[in-house]
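Fold and contact review
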Amino acid sequence: MTAGILVLAGGTAYASSTENETADDRSTRQQRPVDFGRDIKPIFARRCFPCHGPDANEGGLRLHEHEPALAELDSGEHAIVPGKTAESVLLIRIAAEDEYERMPPEGKPLSKREINLLRRWIESGAEWEKHWAFVPPQPQEPPKIENESWGRNPIDAFILQRLQQAGLSPSQPADKTEVLRRVYFSLTGLPPTPSQVDAFLANPASDAYEDVVDELLDSPRYGEHWARHWLDLVRFAETNSFERDNPKPNAWRYRDYVIRSLNSDKPYDQFIREQLAGDELDEVTTDSIIATGYYRLGIWDDEPADPLQAEFDELDSILTTTSQVFLGLTINCARCHDHKIDPIPQKDYYRLLAFFRDLRPYGTRRDQTSFNQTDISPPELRGQYARLESQMRHLEDDMRVIEQRGIVKMSAEDQRKTETPQRKKLLEKQLQKYLDESDWSEYAPLKERYTALEEELKQLPPRHTALSVAKCLPQPPQMHVMARGNPHAPGDAVAPGYPTIFGAPDPTIKEVPEDAPTARRRIVLANWIASPDNMLTTRVLVNRVWQFHFGRGLVRAPNNFGQLSAPPTHPELLDWLAAEFIRQGWSLKQLHRMILTSNTYRMSSRGNAAGLEEDPENNLFWRFDMRRLSAEEIRDSIHAVSGQLNLDMYGPGIYPTISEEVLAGQSRPGSGWGTSTPEEQARRSVYIHVKRSLITPLLANFDFPETDTSCEARFSTTQPAQALGMLNGNFVHAQAKEFANRLRKEAGENHHNQIALALRLTTCRKPTEEEIDQGIALLTQLTEKRGLSDEQALEYYCLVALNLNEFLYLD
C-alpha cells in the first residue's frame, strides 16, 4: 500500500492512500458471495462497455444485458458459461499473458482482484441482477449488532455491522471541541466563538450536544450555508455567460428563496414542486413564482448563429440539470443516440424534454426580460400600475388614429420613419403641420393627458419583479425525436412521458384552453418526481445530505446513479434513510439531526493501523474524514475572526473589491462589476454577485465551481494560487489588520493575551504555552530584527494565524 502523511498544526499526522482495494474487497471477499451489482457490473461498465456494451458488439459480445452476454460469439465460443470457468472465453482473455490476446486491449490489465471476482461469479452461476438504482428501495430494518452500546441511533447499527464484518472497529469519539467545531461548520459554515465553545465544554448535560444541533438548525446561518450547496447543483449564476455576459435581473431573489425555504424547513417535495412548476400549482404564491427562476439560471447566448439549435441547447441544459439533480441520472446522454451505458433510449430523452416544451427561451436579442420577469409587487401597487397603464393604452389608441391622418400627408421618407424608433421624435416635430385645426384641437388634450399619466406613473414606487418563468406556450409545438440530436432533422413524434426504466404508466395531461397561461405539463412531471413512489428522488437527496456532512456520499457519484457509477457502500442504509426521510415528512432538518447525532458523525478523524491497512479510503466510515474548508467557509471565517462579519441577510448581490489586473481580463474590462461599501463587502459569501466570467479570485482559488453545469461535488485542490492569495492578497492583509485591531481591543497590549486569543479564535481550542511562546518569539523577531512596529508585527502574526492548517482544515 502506498500512503502519504499530512501533518497539520499541532503535529497530528493523518495518513492518506492511493490504494484502491477496500476492506470490503480484501477482508471479506472469501466470506461474502460475489454481488453482481456491487462487484461485477462496475468492472463491465468501466473496462468492457466501450467495445462490448450498448453501442458496440465487437466479436459478437455485449455485456450490458444478460442474454447477449451469454450468447454465442462470432467465433462460435461463449464468453460466459455459467458454472464453467474453463469454457468461459472471457476469463481466458482477461488473464492472458500475451498482451495481444489479453482483454481489454487498452489501458491497464484487470487486477488480480477483479479477475478473481469474475471467476468466482462465473463459478457461482453468473447470476445477473438488475442495476440496484433501477429497483425500488426495499424496506429495511436496522441490523442487530454485537456492540449495541456504541449505537446512538439506527445509522450506527448499519455502519457498525459492516465494520464488524470487515473485522474493523470504529474510531474513538472526537473530543468535544473538535466535534463542536465540526458541527458548526457542517450546519452554518462558520466557527463557534470562544464563548460558545466554553459554554458547551462547561455543560454537563448528557444532551448538550443535541441541544447545540437544534440551536444551529434554528439559526438563520443554517439556510445561508446549505443554500450554497443547492446553488452549486442548479448552476446558479447572475449573468448569462458568452461574450457580453449580461446580468440576469433579479436572480438574487432565487438565492433568497432557497435560503428562506431551508430555514423554514420547507418539505423537500414542496421544494421540488415549486421550482419545477411553481406557476402551475393550485395555489400560486410569490415564493412559488420566484422558485421558477430555476429555469432561467443557465447560460444564454443573445445572438446565436443558429437560433433553433440554441433554443434546444437551452432546453437540454434544463433537462440535464433536472435529471441529474433530482433523479441522479444522466438522461442528457441520450440526446443524440441511445444512452451508451444505461437503458435509456433516445426516445425517452425527447419524451422527458416534451414536459418543458411550453417554456419560451430566456429572451431574444431585442427583448431580454419579457419571458423571464414576473411582476410580484404588492397587489395595491400592481393595481395602481394597471389602472394607469390601461388609461394610457386607451389614449394611445385614440392618438394613433389621429396621428395616422397626419402621417398619410407626409413625404414617403417620413412615413417610413414613423415605422421605426424615430416615430416619437418625428411626430413631436412634424405632426401639427399635417393636421387640420379640428384634428389638432382633439389631439392636443389627449397628448397632454398622456404626458400627465406618464408623470404619475414615474411617481409610483418601482415594481418588484422576479427572475422566473413568464409567458409560456399553452399549446406547445409537437416534440420529435431529433436525428443525431439535430433540431433541424425531426423524426418520430413523441408525447410527454417518463423514462421507461421507472416502469411508470404514461402521464395523463389534459388539454388546456388556448388562452391558458401554461400547458400544465410541468406540474405533472413535478408531482411524479416528488412522489414517495419515485424510486430515485429520496435516495438521491439523502445521499447528497450525507455527502455534505461526510465529504462523500454513500454513492460516490451524487449526480449519476447509473450503471457506470460505483454502487452504494451501504445500500441498506441508503434505502432506510430514504424511507425514513419520507416518514418524517420530507424534512431536511430531521434528516440532519438524525445524521449529526449519530456516533458515526462524532468519530475522530485520527487513523489507526488496522483501519489504514484494511480500508485506506474509509469506504466503511470507520473514522471521520478530515476536509479543507470550502471557499466560502474560508472567506466567512476570516471575517468572523477579524470581527468584521456582517450578518445582514438577503437582497441584491455584493461586490468585493477586485484588482484592476483581474478586471482587465474581461472582454469588456470592469463591465458588470459594481462597488460595495466595506461594510457590505463583509457580508457572507453566499451574497456575492456571481458573474460567470468574473468569479471572485479568492473563491476561485479555493475551488468555487464552474457555473455552466451542475456541480455535484467540488474539487478540493492544493495549488500555488491559494498560498499566494492567503499570504500576499490584499483582502487577507486587510483582514489581518482588522484582526490585530480586535486583539488589541479585547486582549489589551499584553502579547501573551493577544497570541492566546488569536489562536482561540482561529483554532477554537485553548492554545498551549509552547504555541503562545512561539508567537511571542515571532513578534520579538519582527520588531527587533526586522524593525517593525508593535502594530505591524501583530498584523503579521495575525496573517500567520489565518494561514494555519488548523484554521483552514476541519477534523
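Residues numbered from 1 in each chain as written. Predicted model: local features only at pLDDT ≥ 70, side-chain atom pairs only at ≥ 80, totals over all residues. Heavy atoms only, no water.

Some details on the overall build of the protein
The helix and strand inventory of the protein stands at 34 helices and eight strands. Considered along the principal axes of its C-alpha atoms, the protein spans approximately 105 × 85 × 50 Å. Here the protein holds 811 residues, and 53% of them are scored as buried. Considering only residue pairs separated by 6 or more positions, the protein has 70% of its internal contacts joining residues 24 or more positions apart. Approximately 36700 Å² of the protein is accessible, and the part contributed by carbon and sulfur atoms is 50%. (Helix = DSSP H or I, 4+ residues; strand = E, 2+ residues; numbered from the N terminus. Buried < 20%, exposed > 50% of the residue type's maximum accessible area, 1.4 Å probe, protein only. Contact = heavy atoms within 4.5 Å. Areas by Shrake-Rupley, 256 points an atom, 1.4 Å probe, with all protein chains shown as cover.)

A few points about the nonpolar core
Core analysis: the largest hydrophobic core is formed by 168 residues, its most contacted members being Val-183, Trp-230, Tyr-254, Trp-546 and Leu-577. The next biggest cluster of nonpolar side chains, apart from the first, holds 26 residues, and it includes Ala-45, Ala-69, Leu-91 and Ile-122. (Core = buried A, V, L, I, M, F, W, Y, C linked by side-chain atoms within 4.5 Å.)

What to know about helix α32 (residues 769–784)
Compared with the 22 Å implied by 1.5 Å per residue over 16 residues, the 22 Å span of α32 between its first and last C-alpha is a close match. Those residues of α32 hidden inside the fold are in contact with α31 (751–763) and α33 (790–801). (Expected span 1.5 Å × (residues − 1).)

Here's the deal with the pattern of salt bridges
Scanning the entire structure with this criterion turns up 48 salt bridges. A salt bridge links Arg-46 to Glu-114, with the shortest nitrogen-to-oxygen separation between them at 3.5 Å. Highlighted residues: Arg-46 in helix α2 (residues 36–52) and Glu-114 in helix α5 (residues 112–123), separated in sequence by 68 residues. Looking at Arg-46, the relative accessible area reads 43%, which means it is partly exposed. (Salt bridge = Lys/Arg side-chain N within 4 Å of Asp/Glu carboxyl O.)

Thoughts on the packing of aromatic side chains
Under the criterion given, the structure shown has 34 aromatic pairs. Between the aromatic rings of Tyr-268 and Phe-581, the centroid separation amounts to 6.2 Å while the plane-to-plane angle is 55 degrees, which identifies the pairing as tilted. Here Phe-581 lies in helix α22 (residues 571–583) and Tyr-268 lies in helix α12 (residues 268–277), a separation of 313 residues in the sequence. Using a relative accessible area of 2% as the deciding quantity, one classes Tyr-268 as buried. When the ring of Trp-546 is compared with that of Phe-550, the centres are 4.3 Å apart and the planes differ by 20 degrees; the resulting orientation is stacked. With a gap of four residues between them, Trp-546 and Phe-550 both fall in helix α21 (residues 537–550), about one helical turn apart. Pair check on accessibility: Trp-546 and Phe-550 agree, each one buried. An aromatic cluster of three or more residues is present, and its members are Trp-230, Phe-236, Tyr-254, Tyr-257, Tyr-268, Phe-271, Tyr-294, Tyr-295, Phe-326, Phe-356, Phe-581 and Trp-586. (Phe/Tyr/Trp six-rings, centres within 6.5 Å; stacked < 30°, edge-to-face > 60°.)

Comments concerning the side chain of Glu-224
If you trace the backbone, Glu-224 turns up in helix α10 (residues 220–233). A relative accessible area of 2% means that Glu-224 is categorised as buried. Of note is the side chain of Glu-224, whose polar atom sits 2.7 Å from the side chain of Tyr-687. Ignoring anything within four residues of it in the chain, the contact list for Glu-224 reads Ile-259, Asp-648, Met-649, Arg-684, Val-686 and Tyr-687. (Polar contact = N/O pair within 3.5 Å; in protein donor to acceptor, adjacent residues only side chain to side chain.)

Considering empty space enclosed by the protein
Summed over all chains, the structure comprises eight cavities of 30 Å³ or more. Taken as a whole, the largest cavity holds about 150 Å³ of empty space. What lines the largest cavity is a set of 13 residues, among which Trp-226, Trp-230, Leu-262, Leu-541 and Leu-588 lie closest to the centre. Contributions of two or more residues to the lining of the largest cavity are made by α10, α11 (252–263), α12 and α21. The residue makeup of the lining of the largest cavity, split by class, is 11 nonpolar, one polar and one charged. (1 Å grid on protein atoms, 1.4 Å probe; cavity = no way out; pocket = protein on both sides within 12 Å on 5 of 7 lines; lining within 4 Å. Points joined across faces, edges and corners; volume = space filled by probe spheres on them. Nonpolar A, V, L, I, M, F, W, Y, C, P; charged D, E, K, R; others polar.)

Description of a negative patch on the surface
A surface patch of negative charge is lined by Asp-207, Asp-211, Glu-215 and Asp-218. Residue position: Asp-218 is located in the loop between α9 (208–217) and α10. (Patch = residues over 30% accessible without salt bridge, like charges linked within 9 Å, V, L, I, M, F, W, Y side chains within 5 Å. Lys, Arg positive; Asp, Glu negative; His and termini not counted. Charge placed at Lys NZ, Arg CZ, Asp CG, Glu CD.)

Quick word on the confidence of the model for the protein
Model confidence for the protein is summarised by a mean pLDDT of 93, while 96% of its residues fall at 70 or above. Counting contacts from residues 1–30, a segment whose pLDDT is below 50, to residues more than four positions away or on other chains yields 76 contacts. (pLDDT = per-residue confidence, 0-100.)

Focus on the packing of α10 against α21
Two numbers describe how α10 lies on α21: the axes approach to 12 Å, and their chain directions differ by 120 degrees. As far as their axial angle goes, α21 and α10 are oblique. Handedness of the α10/α21 crossing: right-handed. From α10, Trp-226, His-229 and Leu-233 reach across to α21, where they touch Arg-544, Val-545, Phe-548 and His-549. Class assignment of the residues belonging to the contact of α10 with α21 gives a composition of four nonpolar, two polar and one charged. (Axes fitted to C-alpha atoms, helices over the stretch in contact; angles between N-to-C directions. Parallel < 35°, antiparallel > 145°, perpendicular 65-115°, else oblique. Left-handed = near helix turned anticlockwise from the far one by under 90°.)

Describing unusual backbone geometry
For the bond from Met-103 to Pro-104, the omega torsion is -5 degrees, close enough to zero to count as cis. Although it is not a glycine, Asn-250 adopts a positive phi angle of roughly 65 degrees. Locating Asn-250 in the fold gives a position in the loop between α10 and α11.

Focus on the packing of helix α14 (residues 307–327) against helix α15 (residues 346–353)
Following both chains from N to C, one finds α14 and α15 inclined at 95 degrees, their axes separated by 10 Å at the closest point. By the criterion of interaxial angle, the relationship of α14 to α15 is roughly perpendicular. Here Phe-312, Leu-315, Asp-316 and Leu-319 of α14 come into contact with α15, specifically with Tyr-349, Leu-352 and Leu-353. Along the lines of polarity and charge, the residues of the contact of α14 with α15 split into six nonpolar, no polar and one charged.

Let's talk about the environment of Ala-483
Within the secondary structure, Ala-483 is located in the loop between β5 (479–482) and β6 (490–494). Take Ala-483: its relative accessible area is 30%, and that puts it in the partly exposed class. Ala-483 sits 73 residues away from Met-410 along the chain, and the two C-alpha atoms are 53 Å apart.

Quick notes on the environment of Ile-331
Here Ile-331 is to be found in the loop between α14 and α15. Among the residues examined, Ile-331 registers a relative accessible area of 0% and is labelled buried. With residues near it in sequence (within four places) discarded, Ile-331 still touches Leu-319, Ser-323, Ile-344, Tyr-349, Leu-352 and Pro-499.

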